[in-house]
Amino acid sequence: MTARYESIPSHPVSDDVLVHRYRQGLPLRVTLEDPATDVMTDLRRVEAMTVSPETPMETALQKMIHAGVRLLIVVTPEDRVQGVVTARDILGEKPVQVVSGERITHGELQVQHVMTPRAELTVLDHFDVVVARVGDVVATLRESRRQHALVVEHDEDRHEVLRGLFSLTQIGRQLGVEISAEGPVQSFAEIEKLLTAS
């Protein structure tokens, strides 16, 4: 028996057709009182953007641009976290300092030259995040003077596993605040304006 297939009806594209943007189920708008998980990039739902320490710095920047992210997790081939590298690390003063200090060319710079190593990172426990609010995350980022925060949970063998991350830019977008590209101080100033206006 052969299957019978029929053509699916079609129609002209409307003038106001939009592209659906995948947002991993995060709400478009939040308040500071909403659950912190409403602004967390959950690595159980989206692919972690990773890079090796030996990756050329410019290649890492292109990966960020292509993926629309400002942070890559630096990992070994076995997926062990070595650190993180941000757009600020690549576009800021770090490359100039490394080129000057190590006497290498800009083209020789690798992620490992500019990344924040694991030993300098702190993480939040997912157990604490699930009972926190968006405002608590903002306060945590402000206190640490960082644009990002990593979230871990424990697997069945009690090993830490990177579960998610917070991005000040993403939080600002969901709060309806334009986050400054100039860094955490200006970004928090924009969020403070929102707080005093409400």
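Residues numbered from 1 in each chain as written. Predicted model: local features only at pLDDT ≥ 70, side-chain atom pairs only at ≥ 80, totals over all residues. Heavy atoms only, no water.

### Topic: the overall build of the protein
Looking only at helices and strands, the protein features 8 helices and 8 strands. Classification of the 198 residues of the protein by burial places 36% in the buried group. For the protein, the share of sequence-separated contacts (at least 6 apart) that also reach a separation of at least 24 residues comes to 57%. As displayed, the protein has an accessible area near 13,200 Å², and 52% of this comes from carbon and sulfur atoms. (Helix = DSSP H or I, 4+ residues; strand = E, 2+ residues; numbered from the N terminus. Buried < 20%, exposed > 50% of the residue type's maximum accessible area, 1.4 Å probe, protein only. Contact = heavy atoms within 4.5 Å. Areas by Shrake-Rupley, 256 points an atom, 1.4 Å probe, with all protein chains shown as cover.)

### Focus on the pattern of salt bridges
If the charged atoms of two oppositely charged side chains come close together, the side chains can form a pair. Tallied over the entire structure, the rule returns 6 salt bridges. Close ionic contact of Asp 42 with Arg 163 constitutes a salt bridge, the shortest N to O distance being 2.8 Å. Highlighted residues: Asp 42 in strand E1 (residues 41–42) and Arg 163 in strand E8 (residues 160–167), separated in sequence by 121 residues. No difference in accessibility class separates Asp 42 from Arg 163, as the two residues are buried. (Salt bridge = Lys/Arg side-chain N within 4 Å of Asp/Glu carboxyl O.)

### What to know about the sheet that holds strand E4 (residues 81–86)
In spatial order, the strands read E2-E3-E4-E5; together these 4 strands make up an open sheet with mixed pairing. The sheet terminates laterally at strand E2 (50–51) and strand E5 (116–117), the two strands that pair on one side only. Pairing of E2 with strand E3 (residues 71–75) involves 2 bridges; the strand directions are parallel. In the strand pairing of E3, Val 51 is matched with Val 74. Along the sheet, helix H1 (residues 57–67) contacts E2, E3 and E4; its crossing angle with E3, the most-contacted strand, is approximately 130 degrees. (Pairing = 2+ DSSP bridges. Axes fitted to C-alpha atoms, helices over the stretch in contact; angles between N-to-C directions.)

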